[in-house]
Amino acid sequence: MLIPIEKLLSRDEAAQLQQKLRQAGWQDGLATAGSLAAGVKQNLQLDDEDPLAAELGNFILRRLGRHPAFISAALPAAIYPPKFNCYQDGGHYGLHVDSAMMAVPRSQVTVRTDISCTLFLNDASDYDGGELEIEGPFGVQQVKLDAGDLILYPSTSLHRVTPVTRGARIASFFWVQSMVADATRRATLFDLDQGIQSLTPRLPADDPELLKLTAVYHNLLRQWGHS
Ligand code: NI
């Protein structure tokens, strides 16, 4: 399931990040590609050691931590520190699957990649191409969102970024290890939570059916979740 989270960052916040990144010291993305990906990857990336990556990454993590729709959709147990990339001059990333386990630099932590995330930092109208294409049970879906918007998609899916033929596509990307690894179970919990959230303002807080649904949500999470 693809889940867009609109306006994770405000227009102003996204513009500030974009401005800083436009002046960043980008490196060839090949440096960080696994052996399989190396043949298909042509883009620029910010080095993990670059202080700007840590500064902007921490800012994004704080926004994620207080965004109810992201928490509900991802049920995060761990988030890989956000990375940054730029596609321009025909830059692209051919069809690939993300590595299942990602070691966090300078730590003992390894994040299992259940959910892949792309946070768009400039508007779709700023560039041509650069669509994120994700293969799934219903065929290929194309994603190209505006600045500040985030897409979550299953890390199990094959995906690619089409060549950018005008302008530059600037984005952050990262992975989530979810408390609920199974995508079908996670989607069920998300649907249930969204239903409860939309019923809540319409019913008294002590409505017995609403309480029952809330209990079902937490009892499923108890059965399926791992911290
Ligand atoms: Ni990928």
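About the thresholds
Within every chain, residues take consecutive numbers counted from 1 along the sequence as written. Totals for whole chains, interfaces and linings use all residues, but because this is a predicted model, local features are given only for residues with pLDDT of at least 70 and pairs of side-chain atoms are given and counted only at 80 or more. Note that water and hydrogens are dropped before the side-chain values are worked out from all heavy atoms of the structure. Each metal site lists N, O and S donors within 2.8 Å (3.2 Å for Na, K and Ca). With water left out of the atoms, a site can look as if it is missing ligands. Exposure is judged per residue with a 1.4 Å probe applied to protein chains only, and the accessible area is read against the type maximum: over 50% gives exposed, under 20% gives buried, and values in between give partly exposed. Remark: nonpolar core denotes a set of buried residues (Ala, Val, Leu, Ile, Met, Phe, Trp, Tyr, Cys) joined through side-chain atoms within 4.5 Å. Helix and strand assignments come from DSSP, with helices taken as H or I runs of at least 4 residues and strands as E runs of at least 2, each series counted from the N terminus. Domain extents, as shown, originate in an automatic or database domain assignment. Contact definition: two residues touch when any of their heavy atoms are within 4.5 Å. Joining two parts hides part of their accessible area as seen by a 1.4 Å probe, and the buried area is that hidden amount summed over both. Between Lys or Arg on one side and Asp or Glu on the other, a salt bridge is scored when a side-chain nitrogen of the former is within 4 Å of a carboxyl oxygen of the latter. Two N or O atoms form a polar contact when they lie within 3.5 Å of each other; inside protein one atom must be a possible hydrogen donor and the other a possible acceptor, and for residues adjacent in sequence the pair counts only when both atoms belong to side chains. Pairing of aromatic rings covers Phe, Tyr and Trp, the last counted by its six-membered ring, and requires centre-to-centre distances within 6.5 Å; plane angles under 30 degrees mean stacked, over 60 mean edge-to-face, and any other angle means tilted.

As for the coordination of the nickel ion
Between any two of four tetrahedral donors, the ideal angle at the metal is 109.5 degrees; between two of six octahedral donors, it is 90 or 180 degrees.
Now for step 1: Note on the nickel ion: its protein donors are H96 (NE2), D98 (OD) and H159 (NE2). The metal-donor distances range over 2.1 Å.
Now for step 2: Within one chain, the residues serving as donors to the nickel ion are arranged as H-x1-D-x60-H. Judged on exposure class, the residue H96 and its partner D98 are both buried.

Section: the nonpolar core
Now for step 1: If you look at the biggest cluster of nonpolar residues, it comprises 33 residues, and the most contacted ones within it are L21, F84, L150 and L152.
Now for step 2: Mapped by element, the contributors of at least two residues to this core are strand 1 (3-5), helix 1 (11-22), helix 2 (51-65), helix 3 (68-74), strand 6 (83-88), strand 10 (115-120), strand 14 (150-154) and strand 17 (168-178).
Now for step 3: Of the residues forming this core, the biggest block, six residues, is contributed by helix 2.
Now for step 4: The next biggest cluster of nonpolar side chains, apart from the first, holds twelve residues, and it includes Y87, I134, L145 and V161.

A few points about the domain arrangement of the chain
A common way to state how big an interface is: give the accessible area lost once the parts meet.
Now for step 1: As assigned here, the chain comprises domain 1 (3-178) and domain 2 (183-224).
Now for step 2: On a C-alpha basis, the centroid separation for the pair domain 1 and domain 2 is 30 Å.
Now for step 3: Residue-level contacts link nine residues of domain 1 with seven residues of domain 2.
Now for step 4: Note on domain 1 versus domain 2: buried area summed over both sides is about 610 Å², and carbon and sulfur give 64% of it.
Now for step 5: Linking domain 1 with domain 2 are zero salt bridges, by the criterion used here.
Now for step 6: Between the two partners, domain 1 and domain 2, sit one residue pair in polar contact (both at pLDDT 80 or more).

A look at the side chain of D123
Now for step 1: Locating D123 in the fold gives a position in the loop between strand 10 and strand 11 (128-129).
Now for step 2: The class for D123 is buried, based on a relative accessible area of 15%.
Now for step 3: Within the local environment of D123, its side chain forms a polar contact with the backbone nitrogen of A147, the two atoms lying 2.9 Å apart.
Now for step 4: For D123, the residues in contact, after removing those within four places along its chain, are R11, L145, D146 and A147.

Notes on the packing of aromatic side chains
Now for step 1: Throughout the structure, instances matching the rule amount to two aromatic pairs.
Now for step 2: The interplanar angle of 85 degrees and the centroid separation of 5.3 Å between the aromatic rings of Y80 and W175 together place this pair among those described as edge-to-face. Pair noted here: Y80 is in the loop between strand 5 (76-79) and strand 6 and W175 is in strand 17, with a separation of 95 residues, a long-range link.
Now for step 3: Under the relative-accessibility criterion, Y80 is labelled buried at 6%.
Now for step 4: You can call W175 buried: its relative accessible area is 6%.
Now for step 5: Between F173 and W175, the aromatic rings sit 5.7 Å apart at their centres with planes inclined by 85 degrees, giving edge-to-face as the arrangement. By the burial criterion, F173 is buried, and W175 matches it.
Now for step 6: A connected cluster of aromatic rings, assembled from ring pairs, spans Y80, F173 and W175.

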